[in-house]
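# Observations on the three-dimensional arrangement
Single-letter residue listing:
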Amino acid sequence: MDKFSLLQYRALIRREILEHRNLFILAPTFLAPILFMAMVWIANQLDPDDLGSMISYLAMLFNGLSPVEMAPIFMLGGIPFIIVLFSCAIVYLLVTLYQDRKDSSVLFWQSMPVSNLKTVLTKIVTVGAIAPFFYMAVLFGFYLVTVIWLSILGVSHDIEIAGIGYMFMAAVVSLLLLYISAIVATLWLLPSVGWLLLFSAFARRTPLMWAAGVFIMIGFLEDFLFGTQFLANWVESRANPNQYLIMSFGDVFDRIFNYDMLFGIVVGAILIAGAVLMRRFID
Amino acid sequence: MNTIKSLVLRNRYTLLVTVLAVYVLVLVLEGAITGREVRVIDFDNPFFDLIVRNFEEFMDDSRQNRDADQL
Amino acid sequence: MTNIVHARSLQKSYGQFKALDGVDLDIPAGSICGLIGPNGAGKTTTLKALIGLCDVEGELTVAGRDPRVARHKLMEEVCFIADVGILPKWLRVSQVLDYVEGVHRKFDRAKAIQLLSTTEIPSNKRIKELSKGMVTQLHLALVMSIEVQLLVLDEPTLGMDIIYRKEFYDRLLNDFVDGNRTIIISTHQVEEIETLLSHLVFIKRGAIVLDASMAELAEIYTEVLVTPDKRAQADALGPIHVRELLGKKSYTYEAVPKAELKVLGELHTPTVADLFVAKMKDAKHG
């Protein structure tokens with residue numbers, strides 16, 4: 001593969017960001033101030049004594065912890081962002097191979113020397129590594145403001161929660177963990193990614209209905225034909241967030257190199273190959 | 001090989017059915033071979049249990065302390 | 001001269017409807033080829049097949065490649081403008097340039113900017129804010145800044161007003177045509193491109209009814225204005241089309257020696273528009 005062929009990804013990814021800036025940039029940017037204001041509002045509604053107790057609890061919790069040990073606690077603050085990222089990722093994957101066919105701009109995209117494989121891989125990289133990056137960038141700002149606010153709250157109650165530098169470092173470590181989690185989650189959920197892309201490339205209208213409808217139908221079909229529920233069991237195993245939320249750096253290897261992960265990647269690859277081939281039917 | 005390819009790629013529906021058939025087949029075969037049950041890797045992070053359990057206690061304690069102080 | 005497009009018995013069906021029913025096509029490299037046919041004749045399907053955007057059955061080579069095997073490789077040699085304003089509406093003009101520069105190794109950004117500077121297209125506007133004519137101008141500027149062998153235009157001036165249309169074809173001739181590059185233009189407005197063409201293809205109901213260079217055309221087809229006294233003689237020579245003209249009758253002949261026709265009256269080469277009408281009628285009867 002020559003250099004230009006790799007460089008194409010830059011233009012392709014930039015296109016995805018521009019086209020879906022609502023999902024990747026605006027959504028977290030709106031979420032952050034709303035979340036922060038909600039936090040401040042709740043703190044103001046609380047009984048001042050209870051608030052004081054909570055602050056001392058935090059101080060006790062953080063007491064003697066290194067930033068790396070503190071990080072998972074900060075990850076809790078990222079949960080709303082993860083939920084929004086998840087929803088946006090689903091919308092993106094359903095829309096991304098469908099929208100351009102609907103507004104017929106696909107004729108322009110397809111008239112450029114970019115293979116279908118490259119197009120689909122771009123979508124996966126975008127949802128798995130680029131979108132989380134924007135979310136983490138916004139979350140970084142959110143943490144920064146929160147840490148300062150916590151320190152001020154602490155001072156006003158005569159309690160030092162933790163060193164502000166310590167908390168800041170913990171926030172950065174938690175961002176790293178969340179970003180790695182996002183990548184591990186994309187790999188772990190690759191079958192879902194492939195499924196959504198397949199129906200995004202297939203549906204002439206309502207890709208969501210197709211994706212959900214066929215999924216349920218196949219589950220029933222397996223039960224009816226073979227009398228087994230391997231599909232349902234498999235989905236249930238996949239759905240658990242514990243599988244991809246990385247709480248410490250030592251977990252990364254185990255999370256990626258295990259049988260279930262690798263088998264999931266194989267299944268995901270089948271569906272993604274289907275999406276790539278499906279891309280040739282654009283009319 | 002070429003006939004299979006042209007058959008599968010005949011239109012979007014033949015392709016979809018083929019992909020889904022392969023998908024189901026792989027899952028069912030794997031399930032039958034490994035006797036798949038719902039399987040979850042245990043992960044332990046003592047912090048969360050600690051946080052939730054201790055937070056409740058701590059808040060109760062501090063409320064009681066405050067009540068005692070006021071008396 | 002080599003052929004840049006070579007097709008044999010292309011077939012394409014949408015359900016019961018046969019969009020292409022055995023299309024044979026040979027388009028020489030360096031020509032300006034008009035693909036002309038009524039609406040629904042299979043023009044768009046043929047063009048899409050040429051660039052790998054539509055699966056067809058049959059033998060097909062474009063610029064030395066099979067479009068169905070590696071579309072992305074072919075698109076380094078071929079540019080395409082579709083009949084609908086297909087540039088993505090949410091992109092800004094400058095972002096379109098960025099994108100094409102990023103994915104097409106043969107794109108010359110400086111040339112595109114120079115071409116755009118002669119238009120009134122502002123580079124910070126979104127595509128959706130441009131008029132239909134401007135979008136086509138922009139698209140043309142893009143594809144003319146790419147060093148390709150073949151340019152495929154599907155009804156490029158559809159919905160544009162006459163000033164834009166004239167300008168569009170003038171630009172195309174001045175900036176793209178250099179004797180090596182090939183253009184295929186589909187249209188149902190024959191008169192507009194008649195003077196540009198060096199090669200002509202008529203398509204009707206998914207089949208090619210004429211595929212010839214303009215020079216060949218003048219040799220094969222003859223139009224004669226026949227006075228009433230020679231009509232029986234004219235009918236006997238088997239005209240493919242007869243029409244009334246100012247009280248006289250105009251006969252169009254295919255592959256009848258000019259020496260035989262001379263006696264009937266003054267000989268002309270039929271205009272593409274007349275020939276089109278003749279061939280479309282002819283195909284209906286035959």
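## A closer look at unusual backbone geometry
Residues and elements named next belong to chain C. One non-glycine residue, S9, adopts positive backbone phi at about 40°. In this structure, S9 sits in strand β1 (residues 3-14). We note that A63 has phi near 50°; this positive angle belongs to a residue other than glycine. With respect to the helices and strands, the residue A63 is situated in the loop between β4 (57-62) and α2 (71-74).

## Brief notes about the interface of chain A and chain B
With 51 residues of chain A in contact, the opposing surface of chain B contributes 38 residues. Each partner contributes to the roughly 4,400 Å² buried at the junction of chain A and chain B, and carbon and sulfur atoms together form 74% of this total. In terms of surface lost to chain B, no three residues of chain A exceed Y57, F230 and F281 of chain A, which account for 15% of the buried area on that side. Taken together, the links from chain A to chain B amount to 0 salt bridges. Joining chain A to chain B, the criterion identifies 3 residue pairs in polar contact (both at pLDDT 80 or more). With 9 residues, helix α14 (residues 259-278) of chain A is the largest single contributor of residues to the side of chain A that touches chain B.

## Digging into the confidence of the model for chain C
Residue and element names in this part refer to chain C. Of all residues in chain C, 98% attain a pLDDT of 70 or more, and the chain-wide mean is 87. Helix α11 (residues 272-285) is the least confidently modelled element of chain C, averaging 74 in pLDDT, while helix α3 (residues 93-103) averages 96, the highest of any element. ipTM for the predicted complex: 0.90, alongside a pTM of 0.90.

## Considerations on a nonpolar patch on the surface
Residue and element names in this part refer to chain A. There is a patch of nonpolar side chains on the surface, built from F140, L144, V145, I148, I152, I164, F168 and V172 and spanning about 630 Å² of accessible area. Summarising the element assignment, V145 is placed in helix α8 (residues 116-156). Note on V145: relative accessible area 41%, which makes it partly exposed.

## Some remarks on the side chain of T222 of chain C
Residues and elements named next belong to chain C. If you trace the backbone, T222 turns up in strand β10 (residues 221-226). Reaching out from T222, the side chain makes a polar contact with the side chain of K258 at a distance of 2.9 Å. Look past the residues within four positions of T222 in its chain and what remains in contact with it is Y251, T252, Y253, V256, K258, L261, L267, H268 and P270.

## Notes on the nonpolar core
Here is a general trend for soluble globular proteins: nonpolar side chains tend to be buried in one another's company. Ranked by internal contacts, the top residues of the largest apolar core, which has 95 residues, are F108 of chain A together with Y99 and L172 of chain C. Sort the elements by how many residues they give to this core and helix α5 (residues 132-144) of chain C lands first, with 8 residues. In this structure, L172 of chain C is in contact with L140, M144, L151, L153, V177, I183 and I185 of chain C, ignoring residues within four places of it in sequence. Counting 90 residues, the second largest nonpolar core, distinct from the first, contains V138 and F142 of chain A together with L16 and V28 of chain B.

## Considering the pattern of salt bridges
Residues and elements named next belong to chain A. Per the counting criterion, the structure on display carries 21 salt bridges over all chains. Residue E16 is joined to K123 by a salt bridge in which the shortest nitrogen-to-oxygen separation is 2.9 Å. Here K123 lies in helix α8 and E16 lies in helix α1 (residues 3-19), a separation of 107 residues in the sequence. The structure contains a network of salt bridges with shared partners spanning R15, E16, E19, D100, K123 and R279.

## Observations concerning the packing of aromatic side chains
Summed over all chains, the structure comprises 25 aromatic pairs over all chains. Three or more aromatic residues link up through ring pairs in this structure, and these residues are W195, F199, F202, W210 and F215 of chain A together with Y13 and Y23 of chain B. Positioned above the aromatic ring of W109 of chain A is the side chain of R15 of chain A, whose terminal nitrogen or guanidinium carbon lies 3.7 Å from the ring centre. The aromatic ring of Y9 of chain A is capped on one face by K118 of chain A, whose charged end is 5.4 Å from the ring centroid.

## Thoughts on the packing of helix α5 (residues 79-95) of chain A against helix α10 (residues 190-202) of chain A
All names here are of chain A. Here α5 crosses α10 at 40°, and the two axes come no closer than 7 Å. In terms of orientation, α5 and α10 fall into the oblique class. Of α10, the residues touching α5 (which contributes I90, L93, L94 and V95) are V193, L196, L197 and S200. When its residues are assigned to classes, the contact of α5 with α10 shows 7 nonpolar, 1 polar and no charged.

Definitions and cut-offs
Residues numbered from 1 in each chain as written. Chains lettered and ligands numbered in written order. Predicted model: local features only at pLDDT ≥ 70, side-chain atom pairs only at ≥ 80, totals over all residues. Heavy atoms only, no water. Helix = DSSP H or I, 4+ residues; strand = E, 2+ residues; numbered from the N terminus. Contact = heavy atoms within 4.5 Å. Buried area = accessible area lost by both parts, 1.4 Å probe. Salt bridge = Lys/Arg side-chain N within 4 Å of Asp/Glu carboxyl O. Polar contact = N/O pair within 3.5 Å; in protein donor to acceptor, adjacent residues only side chain to side chain. pLDDT = per-residue confidence, 0-100. Patch = residues over 30% accessible without salt bridge, like charges linked within 9 Å, V, L, I, M, F, W, Y side chains within 5 Å. Areas by Shrake-Rupley, 256 points an atom, 1.4 Å probe, with all protein chains shown as cover. Buried < 20%, exposed > 50% of the residue type's maximum accessible area, 1.4 Å probe, protein only. Core = buried A, V, L, I, M, F, W, Y, C linked by side-chain atoms within 4.5 Å. Phe/Tyr/Trp six-rings, centres within 6.5 Å; stacked < 30°, edge-to-face > 60°. Lys NZ or Arg CZ within 6 Å of the ring centre and 35° of its normal. Axes fitted to C-alpha atoms, helices over the stretch in contact; angles between N-to-C directions. Parallel < 35°, antiparallel > 145°, perpendicular 65-115°, else oblique. Nonpolar A, V, L, I, M, F, W, Y, C, P; charged D, E, K, R; others polar.

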